[in-house]
Amino acid sequence: MAPVRTGGDRTVRALTRQVLFAVGLPAVLLGLWWAASDGSTDPFWPPLRTILQIFPSVWTGERLRADLLPSVLRLAGGYTLAGVVGIGLGTVIGSYRGMRAFCEPVLEFLRAVPPPVLVPVIMLFAGIGDTMKIVVIASGCVWPVLLNTVEGVRAVDSVMLETARSYHVRGVGRLRNLVLPSASPQIVAGLRQALSIGIILMVISEMFAANNGIGFTVVQFQRSFAIPDMWTGILLLSLLGFLLSLAFSFAERRVLGWYHGLRASTRRS
Amino acid sequence: MRIPNIALGAAGLATFLALGEAVPRLGPVDAEYFSPPSRIAGALREELGDAAFWSALGDTLTGWVIGLGIASGAAVLCGLLITVVPFLRQVTASTIEFLRPIPSVALIPLAVLLYGSELRSVLLLVVYASFWQVLIQVLYGVQDVDPVADETARSYGLGTWARIRHVTWPTALPYVMTGIRLAAAVALVLAITAELVIGAPGLGSLIAVAQASQAVPDMYALITVTGALGLLINLGARAVERRALAWHQSVRGETVL
């Protein structure tokens, strides 16, 4: 019985170790922030105690519904649009060599334009409503998805393509069973890049012209010198960025589980 | 017959410009909002003759280069420090994973409060955003060190610094270069964003001014300049990368053969 117990002990100890390592430094840093800012009279650096105390009252149900929800919905809309357009166009462009060469210089240039400068342009066309924000988010997110899809589709194994041809696998079947799965690691990498661009554009588009949204509210707090409230906004944005990236990793593990497993097994052998 | 890629690319560019010219003139979209390339080129020529444009370009590049320098230097130092002490690596992993996805623009209100529309505001955002790009690459790169090489260096009695200099650094350099190339693009985006939103002097604030004064062709001209700048920075970073890693490719080539 003894070895079993030590084994169990060891897993417990390893687990505790892992948890300690994961929460240790964040706890120390928060503690330092708490201690250093406690009793701070600098208006720009309010005590962490105050910030955390007012956090629940600032971001109550009403503000969550009126500010957080519209922001997240716009992000979801723009991101989805960018994903559909990027993967769709990318598959078409990536499948034909001529098409790729034809589009490449224009795409490279359009990608090089910093996405936030498109906010003023899109405001001209789409006004300052939700449409503008969704288009802004989509127009920034689409490039990493599109270019990564082109690369992924281009790199599909030619032997597999020939095999598919000789088995008369064509059209949708070829796309679904060969091209998209083989390009999916690259596509997911593009989607990951697009996510952080999307959050940035969501905030910026709301800072420009809006009457709700997290970006808008945080700037309002800053302009009215409600400094602790502004800090809660910064914390909320940080938390949102962190949670979205966590959700993405989770989804990626589900979707690309087969791929990571394959990589791990080839590395072992 | 295969048409060479360059010709196809040029044809694509020409088609793009021709569409841009024809669509607003034929009327499906309003020419007032969507300037044809010929008018953008005219506005660009005027901008190029304007001293304000050049000083704005200088401001943007100053923020970009200082921010990128601080971020890269700090990230390389932190990365090496974290990896030399294995304990630090375990301790910092969760914190890095938490801080990395925080959107840099969340710091805009804080930057405005602390520094107003000064260069330091821009730097705060640029450094925060590009630091993580380089740091993550340094961490990956150091992980890639060949254990045999490291053990060999140890058994020859090389100290910590000598091992960093001769084993860790050459292995990590390609990763560091990739990180700096990514960070260069991010830094430009953040520099221009900060100018656009905060109003710090630079191309971004010129775009904001052009938009506010309804100078639509000038706005497009300035945006074209930012795109060209992005392309140049990317090309430049690739060239630097090839230079710095010339030895690397050749070394790899020899071992493969």
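Conventions we followed
- Residues numbered from 1 in each chain as written.
- Chains lettered and ligands numbered in written order.
- Predicted model: local features only at pLDDT ≥ 70, side-chain atom pairs only at ≥ 80, totals over all residues.
- Heavy atoms only, no water.
- Patch = residues over 30% accessible without salt bridge, like charges linked within 9 Å, V, L, I, M, F, W, Y side chains within 5 Å.
- Areas by Shrake-Rupley, 256 points an atom, 1.4 Å probe, with all protein chains shown as cover.
- Salt bridge = Lys/Arg side-chain N within 4 Å of Asp/Glu carboxyl O.
- Helix = DSSP H or I, 4+ residues; strand = E, 2+ residues; numbered from the N terminus.
- Buried < 20%, exposed > 50% of the residue type's maximum accessible area, 1.4 Å probe, protein only.
- Contact = heavy atoms within 4.5 Å.
- Buried area = accessible area lost by both parts, 1.4 Å probe.
- Polar contact = N/O pair within 3.5 Å; in protein donor to acceptor, adjacent residues only side chain to side chain.
- 1 Å grid on protein atoms, 1.4 Å probe; cavity = no way out; pocket = protein on both sides within 12 Å on 5 of 7 lines; lining within 4 Å.
- Points joined across faces, edges and corners; volume = space filled by probe spheres on them.
- Nonpolar A, V, L, I, M, F, W, Y, C, P; charged D, E, K, R; others polar.
- Phe/Tyr/Trp six-rings, centres within 6.5 Å; stacked < 30°, edge-to-face > 60°.

### Observations concerning a nonpolar patch on the surface
- Among the surface-exposed residues, A:Leu239, A:Leu243, A:Leu246 and B:Phe98 lie close enough to one another that they form a single nonpolar patch of about 330 Å² accessible area.
- Here the nonpolar patch gets 3 residues from one element, more than from any other, and that element is helix α10 (residues 227-255) of chain A.
- Classification of B:Phe98 by relative accessible area gives partly exposed; the value is 31%.

### A few points about the interface of chain B and chain A
- Counting residues at the interface gives 50 residues for chain B, matched by 47 residues for chain A.
- Roughly 4400 Å² of surface becomes buried between chain B and chain A when both sides are summed, with 80% attributable to carbon and sulfur atoms.
- If you look at where chain B meets chain A, you find 0 salt bridges.
- Summed over the shared surface of chain B and chain A, the result is 2 residue pairs in polar contact (both at pLDDT 80 or more).
- Breaking the side of chain B that touches chain A down by element, the ones donating at least two residues are α1 (5-26), α4 (86-99), α5 (108-115), α8 (160-198), α9 (203-212) and α10 (216-244) of chain B.
- The element best represented in the side of chain B that touches chain A is α10(B), accounting for 11 residues.

### Observations concerning the layout of surface pockets
- By volume, the second largest pocket is sized at about 1200 Å³.
- Of all elements in the fold, only α1 (2-37), α2 (48-58) and α10 of chain A together with α3 (51-84), α4 and α6 (119-143) of chain B reach the threshold of two or more residues within the lining of the second largest pocket.
- Looking at the lining of the second largest pocket, the element that brings in the most residues is α1(A), giving 7 residues.
- Counted by class, the lining of the second largest pocket contains 30 nonpolar, 4 polar and no charged residues.

### Observations concerning the environment of A:Phe250
- Checked against the element boundaries, A:Phe250 lands in helix α10.
- Spatially, the C-alpha atom of A:Phe250 lies 22 Å from that of A:Gly152, the residues being 98 residues apart in sequence.

### Points about the pattern of salt bridges
All names here are of chain A.
- A full pass over the atoms with the stated rule returns 11 salt bridges over all chains.
- A salt bridge links Glu206 to Arg74, with the shortest nitrogen-to-oxygen separation between them at 2.7 Å. You can see Glu206 sitting in helix α8 (residues 171-208) and its partner Arg74 sitting in helix α3 (residues 61-95), a full 132 residues away along the chain.
- Between Glu108 and Arg111 there is a salt bridge, and its shortest N-O distance comes to 3.1 Å.

### Focus on the packing of aromatic side chains
- Per the stated rule, a full pass over the model turns up 7 aromatic pairs over all chains.
- Residues A:Trp258 and A:Tyr259 carry aromatic rings whose centres are separated by 5.8 Å and whose planes lie at 70° to one another, so their mutual orientation is edge-to-face.
- Summarising the aromatic geometry, the rings of B:Phe53 and B:Trp54 are spaced 5.2 Å apart at their centres and angled 80° between planes, so their arrangement reads as edge-to-face.
- Linked through ring pairs, A:Trp33, A:Trp45 and A:Trp231 together constitute an aromatic cluster.

Purely spatial values, then, with no claim about function.
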